Amino acid sequence: MERSKRRALSRSARAETAGRSTRTSGISRLAVPACLALAMSAGVAQAQPVSAQDGFAANGAYQWNFELDPYLWLPAASASFAAGRNGQFTGGTTTSVPSVSDLFQTLHGAFMGAAITRYGPFSGEVDIQWVDGAQGKTIGPGPGGNFGHLSLSASYVRVAPGFGYEVWNGALAGLPLTVDARVGFAYFSWSAKATSLFDPVGVSPGGSFVQPWLGFRASLYPAERWRVELAALGQGFGVSGGSWGWGSSLIGTYSVNSWFDVNLGFRALSSTRYDSNAGPLNAGQRSFQFTAYGPLVGVGFRF
């Protein structure tokens, strides 16, 4: 009888221990995602709406601040090129600000985005643009009096990393103002192709080059959660046998909350490259020129 009681007590103890273990295991399984959620929320809480103190903690210490800004830029554009010896292959095009239907008809793919990180007065940035498109139109009449179809395709890539240093953090008319001096380089690659029934082989000029750049960025904060940013740069400085460029932008930013922004503004960009292999007879011949300007809309993520 005593032995039976001991067995019953032992089974009861094991069951209670198993129950505690199960409850502990369940609590542990719940604790892991809960801790992750708390950690993530703590990380998000560290982000703040745009302000003149980006890169600084409340006590003035340096801290990391990041912005990721994908955007849509819809520029009017003009481009021209000369290829081959003495520039015997030339071409060019001019377009207005594209409509939504234009984008669906001509655009094969595109990506545009910028990122900036701050640590105290120091900053690093990169701007990336990739566009690929094609267009066709009817041409003629040809030698036999027939009309043909001309196919035009083009793509370009621009990657422009840079570094900055905050040279001014003060006020303008009582409003917070910061000014950054910036330096970097831009890698530019382009290609084009034109074919038709009259010339099925067509021409396929293209190339790539690198342009160093210098610039500034001035940021005015007219109200809480608002930023108006004016940026400009000059690039090229005669490298690659003679290449020049410039860029400017005016963008307003509103922080919807501590981690999400909305951006709206205007941007212009121009790049020109001269043929570095040109001989004395065609020295200084322009081999590529691209200018684009138009509205920009985008979003930003801060952390």
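Throughout what follows, the structure given in this document is the object of discussion. (Residues numbered from 1 in each chain as written. Predicted model: local features only at pLDDT ≥ 70, side-chain atom pairs only at ≥ 80, totals over all residues. Heavy atoms only, no water.)

1. Regarding empty space enclosed by the protein
One pass over the full model with this rule turns up two cavities of 30 Å³ or more. Within this model, the largest cavity holds a volume of roughly 580 Å³. Lining the largest cavity we find 33 residues, and of these A114, E229, S249, I251 and R267 sit closest to its centre. Each residue belonging to the lining of the largest cavity can be placed in one class, and the counts come to 16 nonpolar, six polar and 11 charged. (1 Å grid on protein atoms, 1.4 Å probe; cavity = no way out; pocket = protein on both sides within 12 Å on 5 of 7 lines; lining within 4 Å. Points joined across faces, edges and corners; volume = space filled by probe spheres on them. Nonpolar A, V, L, I, M, F, W, Y, C, P; charged D, E, K, R; others polar.)

2. Some words on a nonpolar patch on the surface
There is a patch of nonpolar side chains on the surface, built from Y62, W64, F66, L68, Y119, F122, Y165, V167, W168, W259, F301 and F303 and spanning about 1200 Å² of accessible area. At the level of elements, strand 1 (64-73) and strand 6 (148-172) are the ones that each hand at least two residues to the nonpolar patch. The topology assignment puts F66 in strand 1. (Patch = residues over 30% accessible without salt bridge, like charges linked within 9 Å, V, L, I, M, F, W, Y side chains within 5 Å. Areas by Shrake-Rupley, 256 points an atom, 1.4 Å probe, with all protein chains shown as cover. Salt bridge = Lys/Arg side-chain N within 4 Å of Asp/Glu carboxyl O. Helix = DSSP H or I, 4+ residues; strand = E, 2+ residues; numbered from the N terminus.)

3. Quick look at the environment of V256
Inspection of the secondary structure assignment puts V256 in the loop between strand 10 (243-255) and strand 11 (260-274). As for V256 and G300, which are separated by 44 residues in sequence, their C-alpha atoms are 9.9 Å apart. Not counting chain neighbours up to four residues away, the residues in contact with V256 comprise R225, D261 and V262. (Contact = heavy atoms within 4.5 Å.)

4. Structural notes on the nonpolar core
Counting residues in each nonpolar core, the largest one holds 15 residues, and the members touching the most others are W73, Y156, F188, W190, F288 and F290. It is strand 12 (residues 286-302) that contributes the most residues to this core, four residues altogether. (Core = buried A, V, L, I, M, F, W, Y, C linked by side-chain atoms within 4.5 Å. Buried < 20%, exposed > 50% of the residue type's maximum accessible area, 1.4 Å probe, protein only.)

5. Considerations on the packing of aromatic side chains
Taken as a whole and assessed by the stated rule, the structure comprises 10 aromatic pairs. Between Y62 and Y119, the ring centres sit 5.5 Å apart and the planes meet at 85°, which makes this aromatic pair edge-to-face. With Y62 in the loop between helix 1 (2-46) and strand 1 and Y119 in strand 4 (residues 107-119), this pair connects stretches of sequence that are 57 residues apart. Residue classification places Y62 among the partly exposed residues on the basis of a relative accessible area of 42%. Here the aromatic residues F56, Y62, W64, F66, Y119 and F303 are joined through ring pairs into a cluster of three or more. The ring of W73 carries the charged tip of R267 above its face, separated from the ring centre by 5.6 Å. (Phe/Tyr/Trp six-rings, centres within 6.5 Å; stacked < 30°, edge-to-face > 60°. Lys NZ or Arg CZ within 6 Å of the ring centre and 35° of its normal.)

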